[in-house]
Amino acid sequence: MLSGRRLDILDPSPLDVELDDIAHGLARVARWNGQTSGPFVFSVAQHSCLVEAIALEAEPALSGPQRLAVLLHDAPEYVMGDVITPLKAALGDHFRAIEGRLLGAVYLSFGLPAEPPAALARLIKRADRTAACLEATALAGFSQAEAATIFGRPDPVPDSVTALLAPWAPEDAAARFRERVAAAAPGTANRPGRPCQPPAEDA
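Values in this document were obtained by computation on a predicted structure and should not be read as measured data.

## As for the packing of helix α2 (residues 44-58) against helix α3 (residues 64-71)
Thought 1: Interaxial distance between α2 and α3 falls to 8 Å at its minimum, and their mutual angle equals 140°. On the basis of their axis angle, the class for α2 and α3 is oblique. In the packing of α2 onto α3, the handedness of the crossing is right-handed. Facing α2, whose interface residues are Ser 48, Cys 49, Val 51, Glu 52, Ala 55 and Leu 56, α3 presents Arg 67, Val 70 and Leu 71.

Here's what the structure looks like:
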């Protein structure tokens with residue numbers, strides 16, 4: 001990693017996870033294999049911010065730790081890349097197991113449970129699918145009917161959320177992702193050499 005950390009992808013330690021590495025990597029990983037319109041790729045960092053915004057529309061009372069779990073749901077892609085769904089399915093359980101261990105290490109590094117509670121996991125999945133449907137039609141050339149067939153009909157969202165579909169430059173995406181993490185976990189820094197302390201629940 002650019003931070004100097006050496007992350008064992010097959011046996012990841014929470015101690016080797018750094019927010020700077022995550023933000024930098026996700027801002028440079030393209031959704032849809034880069035097959036999107038706009039002056040920049042639509043990055044996983046931007047997608048993560050979009051998913052958080054959609055989740056907050058569905059559940060405005062989400063706590064800081066819950067928002068943090070949403071923001072980090074695709075964090076393994078900072079080292080594994082964004083593997084498209086058909087290929088991921090073909091790669092099978094071994095790939096998903098590696099991805100799951102890495103996500104668990106990321107969550108633990110931020111003081112979160114290695115796996116989110118079932119209700120939160122369902123919300124993340126729902127918001128993720130809505131984001132994918134919106135991205136597909138706005139950026140990746142899908143028709144509304146085709147996207148709905150693949151991803152289901154998206155939850156209705158306000159213009160303030162759809163505005164997040166305009167692709168950001170990588171530096172902007174990294175900065176905005178970090179800002180959202182800081183907003184979800186105020187006072188939490190990813191300190192070298194030890195996991196973050198659990199962020200306080202929102203009042």
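There is more to say, and it comes next.
## Focus on the pattern of salt bridges
Thought 1: This structure, assessed with the given rule, holds eleven salt bridges.
Thought 2: With a shortest N-O distance of 3.1 Å, Arg 5 and Glu 18 are connected by a salt bridge. Taken as a pair, Arg 5 in the segment before α1 (19-26) and Glu 18 in the segment before α1 lie far apart in primary sequence, 13 residues in all.
Thought 3: The salt bridge partner of Glu 52 is Arg 180, with a shortest N-O separation of 2.8 Å. Here Glu 52 is found in helix α2, whereas its partner Arg 180 is found in helix α10 (residues 170-184), with 128 residues between them in sequence.

What counts, and at which threshold
Residues numbered from 1 in each chain as written. Predicted model: local features only at pLDDT ≥ 70, side-chain atom pairs only at ≥ 80, totals over all residues. Heavy atoms only, no water. Axes fitted to C-alpha atoms, helices over the stretch in contact; angles between N-to-C directions. Helix = DSSP H or I, 4+ residues; strand = E, 2+ residues; numbered from the N terminus. Parallel < 35°, antiparallel > 145°, perpendicular 65-115°, else oblique. Left-handed = near helix turned anticlockwise from the far one by under 90°. Contact = heavy atoms within 4.5 Å. Salt bridge = Lys/Arg side-chain N within 4 Å of Asp/Glu carboxyl O.

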